[in-house]
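# Chains, contacts and geometry: an overview
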Amino acid sequence: KMEKSTNLRWRLPLICFLWEIIMIILFGVFIRYDEESDAHWVEFKKENNITSDIENDFYFRYPSFQDVHVMVFIGFGFLMTFMKRYGYGAVGFNFLMAAFGIQWSLLMQGWFHSLDYSDGKIKIGVESLINADFCTASTLIAYGAVLGKVSPVQLLIMTLVQCTCFAVNEYILLNLLLVRNFTIPAQSLLLFFFLIILFIFLHLFIYQPSFIITKVLNNFVLIKNSLAAWFSIGTIFLWVFWPSFNSAISNHGDAQHRAAINTYCSLAACVLTTVAMSSLYERKGKLDMVHIQNATLAGGVAVGTAAEMMMSPYGALIVGFICGIISTTGFYFLMPFLESKLKIQDTCGVHNLHGIPGLIAGIVGAVTAASATEGVYSRQGLTNFFDLEGKNEGRSISQQGGFQAAGMCVSIAFGVVAGTIVGLVLKLPFWGDPADDCCFEDEVYWKVSGQNTPGEWELLRKQLRLGWKEGGDTVFT
Amino acid sequence: KMEKSTNLRWRLPLICFLWEIIMIILFGVFIRYDEESDAHWVEFKKENNITSDIENDFYFRYPSFQDVHVMVFIGFGFLMTFMKRYGYGAVGFNFLMAAFGIQWSLLMQGWFHSLDYSDGKIKIGVESLINADFCTASTLIAYGAVLGKVSPVQLLIMTLVQCTCFAVNEYILLNLLLVRNFTIPAQSLLLFFFLIILFIFLHLFIYQPSFIITKVLNNFVLIKNSLAAWFSIGTIFLWVFWPSFNSAISNHGDAQHRAAINTYCSLAACVLTTVAMSSLYERKGKLDMVHIQNATLAGGVAVGTAAEMMMSPYGALIVGFICGIISTTGFYFLMPFLESKLKIQDTCGVHNLHGIPGLIAGIVGAVTAASATEGVYSRQGLTNFFDLEGKNEGRSISQQGGFQAAGMCVSIAFGVVAGTIVGLVLKLPFWGDPADDCCFEDEVYWKVSGQNTPGEWELLRKQLRLGWKEGGDTVFT
Amino acid sequence: KMEKSTNLRWRLPLICFLWEIIMIILFGVFIRYDEESDAHWVEFKKENNITSDIENDFYFRYPSFQDVHVMVFIGFGFLMTFMKRYGYGAVGFNFLMAAFGIQWSLLMQGWFHSLDYSDGKIKIGVESLINADFCTASTLIAYGAVLGKVSPVQLLIMTLVQCTCFAVNEYILLNLLLVRNFTIPAQSLLLFFFLIILFIFLHLFIYQPSFIITKVLNNFVLIKNSLAAWFSIGTIFLWVFWPSFNSAISNHGDAQHRAAINTYCSLAACVLTTVAMSSLYERKGKLDMVHIQNATLAGGVAVGTAAEMMMSPYGALIVGFICGIISTTGFYFLMPFLESKLKIQDTCGVHNLHGIPGLIAGIVGAVTAASATEGVYSRQGLTNFFDLEGKNEGRSISQQGGFQAAGMCVSIAFGVVAGTIVGLVLKLPFWGDPADDCCFEDEVYWKVSGQNTPGEWELLRKQLRLGWKEGGDTVFT
């Protein structure tokens, strides 16, 4: 069984080279600098009466961009290093996926959002980089659900399909349905259904036979990891930089400012209720690191849509308060239920951290938007913020609600489609995914001599067969 | 003895929920956006002839804010992960305290500094977030002194009391005594006396009986940790971002610029003298990681007050030079003295890193301020910097010195009061603090199955009773 | 043999104190604030019709500065923590070197670039800090080549010599030959030859006798480290912040913006080809962490010179594409060749990561500069960018090419000179470097009780003498 071919010597280089060459060609044909990053900026400034270089969008967004970049590569990567023997894969494959994803997202989002019809080119600037990071982030989140069970080739395919679907979905929502401030919850919905479908496929076709052993092995490495006694640095980086995530592409000025404040408040409240629930659920009141490392972030997700609106700091606190409770509960009840009853294994608990809080984000965003008044925003503020004299002219708030509902349906449809495609493609037998009893092992795809001696491996499997019991494990000290 | 109840199943959730609900109510009643983060910004701009969104305070301070945020959650958290079996507690409780502390600080500092008397609301913006982080940071520093010996419930109480005292003290200093640039050393003084009093209480009432065993255990875990061979990433983040810490709330323009330069210089000098002293003190000239990880930061603390003044880069070097020597000496001589003679155990050596350098900061700040002249600052610069036409009108430099001395006395008083309150409250028997021989153990408050098997625990305690000797420890490989 | 004196009790403190005192004196004599960080800024603003504090260079560059600062202290430090028993030395000595290096660079670069002839003072601002970080970074890169084999005293001397040579070389290039945008490849060339010469000296005079044992020991610790299963956080920080590195001192506005975009693209492409080549080289298609952690960064190095030019995003992708291939190949073929045939041991593979990509950077930069046209840059843009009405007036593009070639020769010469000086000085017998069989051991210079028990040490040496074979190593679990 271990002999299932995971040798990627031709498949992985082939896909990497091929795709990168395609990227180069497409970038060559399509992508150019926008007016703020092009050398013509000096003339652009003159034409538009811009008096100073500091008005370049770079200075409005670059600090936030770097924070988001840290979140994507450090945050999401190290959030998944909780398994002792899958540290390379967690960060390394996250790295590979993200590096490809941002290139593909620049193209996909460019075609839909920044295509200059005068010359048929996509014009990119720092905001495009941030959007590419966002689009990629959703793929990395989905990686958390299949962490340790797929090959890098499968992950690259997954990145391609998902970034595509996300960009198309985003286009329909923002440009056709004109749903404002709705990207994040819609994407969460997409992600939610994408994962469900994906799980069903994975479950039906790939992981059935020795599922129990995989599960035990999974727990095994999870438990032993505690020896490392490391609080995930990924969590903290995500938590600290989430205000930048939510404010990075908000309107200049007060909107960006407010988005940071609201996210800051929501996250703080979420920590307290997560700790409370975690302690409440455990028989002896002890805290479970899995909850603290994940559910504390739900506040940032759930406030994502409404963060730039006038939701008030106390509104943000309430959102964080609720999310901490719901997300922790998800980790405590939903995850084991999915695993034992439905045989769906969500390695990182993505549903609890991103799925459900994403739904909450949609509701919060809709409610906050619907309750916007001139008194709160000022006449000019309201007009600017909701673009009432631009794209959204003549739409009533209740009509807007209808379009948002339509947006949610579109997102669900895309989730199902993307999940089906990815699920079907991944179950093809030639992507080099690991056999069930080799899951969650870096050794399969990484040169880690010295890590797993054959003897240890043998011993582990013996223990697994005999039934492993707590406290009696001295194999991997 | 191990049976002392550390089950927090009701106490911790109760305090978390209760306090968070109070936060929500108080935020709802009091906290609103300030004019730069409110949607009325578009009108505010017009009224004040502000031509560009880039003039929003957000763009002046947000990058520094994010650096400070990293320091608070990553820096202080990971600075305390030097104990092999207390990594969860170090970062996790730091996280919990900080998340509560920033909310409470927003309120406390808001009431005293940003209350808008026209409508009775606190108006917050990015500067408020930075100030809340600062206020909380002092509490996290104090956590270092009791690291591993208290329960999360006690830590939350400590956070409440300390943030309150700090905000009140800051108000008296800045608004009543009009002591400029004196917050940091005053807060250090407060911290210094707070800790001394706290230690006395803790010592008298809680930790007496088996103190020696605790100490041995402490050393034990400290030593074995070296296997990890990790240089603290917390230290480096603190060191790297300290220029942002000292410049984050300085005046726009040259003051912020100068504060960063001075801190950069002082920290660099401090590293060299710390290395020199550490090598000098050890018999074989080897470096002690405890010194390098802590005393190198003293330069940032000590330059805190004067950083935004015209102290000159060489002045900053001198401050760093002296602080490296003094702080390392503190770690080498003072800490063991406190521990063996006075039975005061300062887990992280807070006195050497923050206490004494804080005093130096006060002196440096006073001297630099007193020597300010029109030649150095320019007439307009001096007037602006010391607000001579505003709050400080008509005060001579020498009078200012008197008020600063008064400020120091106030701070000492607050330190004593805060220490007494916290000490008295903490010694109440129902906060779930660990028994002496369970200190410095994550297992007490965290679900870490696999970490401490009962067998290992037994063996460790046997070794301790027999007297533990270097080189003979194979228990926790 | 182990008795070779590595006791630095007097040498290290002496050099630290002496040099820091010299720094203080030189800073006192020479270094002052520039007009943007001086309190006269308020008058400077008025004189120059600057309307807002946001025009202060601080706000253009400080976020990038902090990113670069993280790269220097965290990135380069933790990039070298791949040896299980040399984690303290990797980060700790990197810290010491950098702290001294930035001070000395401020002086050296100040004398050459920022000396105000009216009063004989160096005027520093945030751009000076960034430049000092850059200059120091090259020294830290060189540290990678001798990691584990030298004493901190030698490292301080190396820092002094190298920073000096780099600053002088930079001066000749930028101010005498007026070679624009050529600093990074020239510095890479310098570094390249510096290291070659240094290696020859080290090889001839110091590390000959028991070289093989050292090598085995080196491999030994490398291999066992994999137990840690940590993907280098240093790599990711370097990768994430490299756009800031390349854009930090670019011209305000579009140049800074463009430099960030190009670097972002090049790095992304580099990851894919690195993964492809790494998988291709290994018999079973497994990925080698050494490649992934290093070669992925080559794209950032190679795009360094041309990043701020109009190279187009697809141009950046091509550079990254090529660099990933070349750098990985270097790690796979060149490094073992150097080690086994020439007995040159480059611990971190600096030549593959910085040397060769540096040469590529030079070529890319020259080609991109030579192909600049008014059509691409706009007339004004071209004039501004290449300073055609300033220093470079009247020079043709082909002449510029000639000067660049001259610049490369100068850099090579400086590399040889610096290498010779450092090599000669280091081979003096009194710097306390470790004996061959104590290399790559933290215990030599750090107080790490508990890490290496004498018994383990003995056992290791026995194994080495007997010949060590994979899978049979149970000494350092």
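These lines cover the structure that appears in this document, whether it is placed above or below. (Residues numbered from 1 in each chain as written. Chains lettered and ligands numbered in written order. Predicted model: local features only at pLDDT ≥ 70, side-chain atom pairs only at ≥ 80, totals over all residues. Heavy atoms only, no water.)

## Quick look at the packing of aromatic side chains
- For the structure shown, the criterion picks out 72 aromatic pairs over all chains.
- Summarising the aromatic geometry, the rings of B:Phe73 and B:Phe95 are spaced 6.0 Å apart at their centres and angled 85° between planes, so their arrangement reads as edge-to-face. Note that B:Phe73 is positioned in helix H3 (residues 57-79) and B:Phe95 in helix H4 (residues 87-114), a separation of 22 residues in sequence.
- For B:Phe95, a relative accessible area of 1% puts it in the buried group.
- Ring geometry for C:Phe58 against C:Tyr62: centres 4.5 Å apart, planes inclined by 25°, an arrangement best described as stacked. Here the residue C:Phe58 and the residue C:Tyr62 both occupy positions in helix H3 (residues 57-79), the gap between them amounting to four residues, near one helical turn. Comparing C:Phe58 with C:Tyr62, the two get one shared label, buried.
- One aromatic cluster is present, formed by A:Phe58, A:Tyr59, A:Tyr62, A:Phe65, C:Phe60 and C:Tyr264 through successive ring pairs. (Phe/Tyr/Trp six-rings, centres within 6.5 Å; stacked < 30°, edge-to-face > 60°. Helix = DSSP H or I, 4+ residues; strand = E, 2+ residues; numbered from the N terminus. Buried < 20%, exposed > 50% of the residue type's maximum accessible area, 1.4 Å probe, protein only.)

## Topic: the relation of the copies chain C and chain B
- Under the fitted operation, chain C is carried onto chain B by 0.0 Å of movement along the axis and a turn of 120°, and the coordinates agree to an RMSD of 0.0 Å. Both copies of the chain, as the preceding transformation shows, are related through a three-fold rotation axis. Residues of chain C ranked by C-alpha distance from the rotation axis are headed by C:Pro63, positioned 3.5 Å from it.
- Different-surface contact between copies: only 9% of interface residues of chain C are shared with the interface of chain B. (Least-squares fit on C-alpha atoms with pLDDT ≥ 70 in both. Contact = heavy atoms within 4.5 Å.)

## Re the interface of chain B and chain A
- Listed as interface residues are 74 residues of chain B and, on the opposing side, 76 residues of chain A.
- Taken together, the two surfaces of chain B and chain A that pack against each other cover about 6,600 Å², and 73% of this comes from carbon and sulfur.
- It is B:Tyr33, B:Tyr88 and B:Phe95 that lose the most area in chain B upon contact with chain A, and together they represent 11% of the buried surface on that side.
- Counting across the interface, chain B meets chain A through zero salt bridges.
- In this structure, the connection of chain B to chain A is made through 20 residue pairs in polar contact (both at pLDDT 80 or more).
- At 12 residues, H4(B) tops the list of elements feeding residues into the side of chain B that touches chain A. (Buried area = accessible area lost by both parts, 1.4 Å probe. Salt bridge = Lys/Arg side-chain N within 4 Å of Asp/Glu carboxyl O. Polar contact = N/O pair within 3.5 Å; in protein donor to acceptor, adjacent residues only side chain to side chain.)

## Some words on the pairing of strand E3 (residues 121-124) of chain C
Residues and elements named next belong to chain C.
- On E3, burial follows the alternation: Ile122 and Ile124 on one face are buried, whereas Lys121 and Lys123 on the facing-out side are not.
- As defined by bridge partners, strand E1 (residues 31-33) adjoins E3 across three bridges and the pair is classed as parallel. If you follow isoleucine 31 over to E3, its bridge partner there is isoleucine 122.
- Sheet topology places strand E2 (residues 115-116) next to E3; two bridges connect them, and they run antiparallel. What sits directly across from aspartate 116, in E3, is lysine 121.
- Between E2 and E3, which pair antiparallel in sequence order, lie four residues; one of them, glycine 120, sits at a positive phi of approximately 70°. (Pairing = 2+ DSSP bridges.)

## As for the interface of chain C and chain B
- Between chain C and chain B, the residue contacts involve 74 residues of the former and 75 residues of the latter.
- Summing the contributions of chain C and of chain B, the shared interface buries around 6,600 Å²; its carbon and sulfur component is 73%.
- For the pair chain C and chain B, the interface holds zero salt bridges.
- At the surface where chain C touches chain B, the tally comes to 20 residue pairs in polar contact (both at pLDDT 80 or more).
- Of all the elements in the fold, those that place two or more residues in the side of chain C that touches chain B are helix H1 (11-30), E1, helix H2 (41-47), H3, helix H4 (87-114), helix H5 (126-146) and helix H9 (233-247) of chain C.
- Looking at the side of chain C that touches chain B, the element that brings in the most residues is H4(C), giving 12 residues.

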